[in-house]
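Residues per chain, in single letters:
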Amino acid sequence: MKVTDLVAGFAKPIVEAQGCELWDVEYVREGSEYFLRLYLDKEGGVDIADCEAVSRAVDPILDEKDPIPGSYHFEVCSAGLERPLKRPSDFERFLGSLITVKLYRPRNGLKEIPCVLKGYDNGKLTVEAGKETITFEKSEVALVRLRVEF
């Protein structure tokens, strides 16, 4: 089992007990160091107190279960307004929302396309960019994130 799945399994009920939703778990190497990050969401937004409460509640469980050999930094963060969409449930939840699609290869000269999420089916992404409806195959898309316009 992947570290992220293992951590998500025991962190989710703790996060929910703090009144938040576990948006994502990330275990990444940055330079010579490793980071385990929990990303939270909450109606009305996540604040520093939420992150601190979740960190204090999850940290002793991490010490006890010891899911990661070696040293790493543990961080608890807000998922953010311009969070990445990864799971089918993310796409379903944000249908009709403003997004940015980042592509591996340019299409019509663009690698980043600001658009509106219109559909998601088994990895296929349907968007509206201007007056044009575009469908992307999963293999074309590097990243999809929410987009906020002020």
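Further up the page is the structure itself.
My aim in this report is to walk through the structure given alongside it, one point at a time. Remember, predicted model here, so these are calculated numbers, not experimental data. Counting restarts for each chain: residues are numbered from 1 in the order of the written sequence. Whole-chain, interface and lining totals are the exception, using all residues; otherwise, since this is a predicted model, local features are given only for residues with pLDDT of at least 70 and side-chain atom pairs are given and counted only at 80 or more. Values reported for side chains reflect all heavy atoms of the structure, with hydrogen atoms and water molecules removed beforehand.

A few points about the sheet that holds strand 2 (residues 33-41)
By this definition, two strands are paired if DSSP reports at least two bridges between them. Secondary structure elements follow DSSP: runs of H or I no shorter than four residues count as helices, runs of E no shorter than two count as strands, and numbering proceeds from the N terminus. Across the sheet, three strands lie side by side as 1-2-3; this open sheet has mixed pairing. The sheet is open, and its two borders are formed by strand 1 (21-30) and strand 3 (73-78), each paired with just one other strand. Strand-to-strand twist of the sheet, defined as the mean angle between neighbouring strand axes without regard to direction, takes the value 20°. Two strands pair when backbone bridges link them, and strand 2 and strand 3 are joined in this way by six bridges, in the parallel orientation. Bridge pairing in strand 3 links Leu36 to Phe74. In what follows, a contact means two residues having at least one pair of non-hydrogen atoms within 4.5 Å. The axes are straight lines fitted to the C-alpha atoms, using for helices just the contacting stretch, and the angles between their N-to-C directions are given from 0 to 180°. The strands that helix 1 (residues 3-17) touches are strand 1 and strand 2; relative to strand 1, the one it contacts most, it runs at about 145°. Relative to the sheet, helix 2 (residues 48-65) contacts strand 2 and strand 3, its axis offset from that of strand 3 by approximately 145°.

So, the sheet that holds strand 6 (residues 124-129)
Read across the open sheet, the five strands follow the order 7-6-5-4-8; overall the sheet is antiparallel. The open sheet is flanked by strand 7 (132-136) and strand 8 (141-146), the only strands paired with a single partner. Shown here is a sheet whose adjacent strand axes are inclined to one another by a mean of 40°, direction ignored. In this structure, strand 5 (residues 110-121) lies alongside strand 6, joined through five bridges in antiparallel fashion. Bridge pairing in strand 6 links Tyr120 to Leu125.

Bear in mind that shape data such as this cannot, by itself, settle questions of function.
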